[in-house]
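Structural overview
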Amino acid sequence: MAVTDTQNPLLGETTCGTLLQKLQEIWDEVGENDEERDKTLLQIEQECLDVYKKKVEHAAKSRAELLGALSDAKIELAHLLSALGEKMFVGTPEQTSGTIKEQLAAIGPALEQLWKQKEERIKEFSEVQSQIQKICGEIAGNLNINGTPTVDEADLSLKKLDGYHAELQELQREKSDRLHKVLEFVSSVHDLCAVLGMDFFSTVTEVHPSLNDSTSVQSKSISNDTLTSLAKTVLALKEDKKQRLHKLQDLASQLIDLWNLMDTPAEERKLFDHVTCNMSSSVDEVIVPGALALDLIEQAEVEVERLDQLKASRMKEIAFKRQAELEEIYARAHIEIDPQAAREKIMTLIDSGSIEPAELLANMDNQISNARDEALSRKEILDKVEKWMSACEEESWLEDYNRDENRYNASRGAHLNLKRAEKARILVNKIPALVDTLVAKVRAWEEDRGAQFAYDGVPLLAMLDEYAMLRQEREEEKRRMRDQKKFNELQNTEQEAIFGSRPSPARPVGTKKVVGPRTNGVANGTPGRRLSLNAHQNGSRSTTKDGRRDSRESRPAAPVNYVAISKEDVTSHVSGTEPHDV
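Residues numbered from 1 in each chain as written. Predicted model: local features only at pLDDT ≥ 70, side-chain atom pairs only at ≥ 80, totals over all residues. Heavy atoms only, no water.

Under the annotation held in an unreviewed UniProt entry, the protein chain carries the name Protein regulator of cytokinesis and is attributed to Rhizophora mucronata. Reading the Sequence similarities (unreviewed entry) entry of the UniProt record for the protein chain gives the comment "Belongs to the MAP65/ASE1 family." (UniProt positions renumbered as here; feature names shortened; annotations may be inferred.)

As structure tokens, this is what we get:
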């Protein structure tokens, strides 16, 4: 093997040629034979081949590793793009030309950026899935969820991430709705507990400990069990409220009945205004705190029980008070009743216990109401009866005044009597029309009611009929007296012509009374007077179907009522005008 390498003068390095030349010089100097020299050179050549072979093998191995790395990189790139849901990446080399290292150098940054993007995507998936897992746990009532959810790294696409975000938003809306329902239920429980006088904290924490006011809103339980329990609690409280209100209203009704029964003063009733104020309220209208508390209901029950016990002892007093009111109404309406028999009947009913006190008083209230209606229907007629009676009294005074021989003397008060007489004559002239009107109204009343109109037990039509007959008889008697007077005057004139002197006129024997409505034991025409007839007293006179007396029978004159009332008062009462207007 010839050695052709020489020393490179530029580099100043030792080369294989210089070394071989040096070896030749050594061999020449030593005197080595050619066989040894060839053998050594062959050995040196073999060793060089071995070195080259190793280098080639190493280079081939290195190339294979680079190719494997490039292939792995391309596969990893494809997996990353697939996992991220990307068809291509901006940093990916478009051409595969160039050396292996160049290709590796070109694909490396893309892989690094995709790995970074994958880690960020995994973090996003983990966060979204953690929130979903947490909300699902809150809805399920499982708040003790440990560990993070497993992320599927094979599918980290934006589409899947958007799906998780949509699911999270839906769960967040559901959580918000549930939280709103929970807060509504808690508010309802609070209001109901306030009205019922119950402990809100113990009631709501019994449903779930997180529902008390010290817990933040976002930390409150929104599970199905919590919502169901809250709904049941609200329904139970509402039912309790309904029952308590019904009971309280019953107690309030009993209180009012007992108060009205015993005429309880307003001061005592005001002590239970908080009970009676909800008498007609609906369940939803009762919102005042403590309005339906148990202690308030118990207080009302105690008061009802106390009044019930008191009612038994005051029953007679109350009933007699009602009876007195009824008697007063009948007395003002001039309706005759038997008060003693009514009071005895009340005593019997109460002592026997055959009727409930409330029923007895209700019956008496009904009688009072009917009596008031009856009195109202009689009012117009009674007013005219009062006018008629007053006019008759004034007529009686006028008759007495006309019989007074000294009425025109200049005595004290004579001018007042004269003025009263003028007004009395006007009233007396109105009596026939007043009687006719009164008769017409009484008959219309009796036809409408189908009953007889009695004044203090006496039929009013019979009384008016008798008054008319007596008045007619009085007028006839007046005519006879005038005729007798004229006859006497004529005789006196004849005697004067014969004897030359005129005797003084004879005074009338006795006093003539004016007929009018009769009173029993009460003077001056007071409202308590009682009209009566002689026939009513002795029962000797018959009456017709409409209550009027038979005109064919003789009628006794009624005694005169001497009254001592002011003429101005009488005139204004009868005619409805002031004295100076007549």
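Past the structure itself, the notes keep going.
1. Brief notes about unusual backbone geometry
A positive phi angle is found at His-334, which is not glycine, with a value near 55 degrees. Mapped onto the fold, His-334 is located in the loop between helix 9 (294-332) and helix 10 (339-352). The phi dihedral of Asp-456 is positive, around 55 degrees, even though this residue is not glycine. Within the element layout of this structure, Asp-456 appears in the loop between strand 1 (454-455) and strand 2 (458-459). The exposure class of Asp-456 is buried, given its relative accessible area of 9%. (Helix = DSSP H or I, 4+ residues; strand = E, 2+ residues; numbered from the N terminus. Buried < 20%, exposed > 50% of the residue type's maximum accessible area, 1.4 Å probe, protein only.)

2. Quick word on the environment of Gln-367
With respect to the secondary-structure elements, Gln-367 resides in helix 11 (residues 357-402). Residue classification places Gln-367 among the partly exposed positions, given a relative accessible area of 38%. Along the backbone, Gln-367 and Arg-322 are 45 residues apart, and their C-alpha atoms lie at a distance of 9.6 Å.

3. A closer look at the pattern of salt bridges
A complete count under the given rule lists 21 salt bridges for this structure. Its salt-bridge partner being Arg-420, residue Glu-394 comes within 2.9 Å of it at the nearest N-O pair. Here the residue Glu-394 occupies a position in helix 11, and Arg-420 occupies one in helix 12 (residues 414-449), the gap between them amounting to 26 residues. No difference in accessibility class separates Glu-394 from Arg-420, as the two residues are buried. Between Lys-478 and Glu-399 there is a salt bridge, with its nearest N and O atoms 3.1 Å apart. With Lys-478 in helix 13 (residues 460-499) and Glu-399 in helix 11, this residue pair connects regions lying 79 residues apart in the sequence. The exposure class of Lys-478 is partly exposed, given its relative accessible area of 25%. Connected through shared salt-bridge partners, Glu-395, Glu-399, Arg-471, Arg-474, Glu-475 and Lys-478 make up one network. (Salt bridge = Lys/Arg side-chain N within 4 Å of Asp/Glu carboxyl O.)

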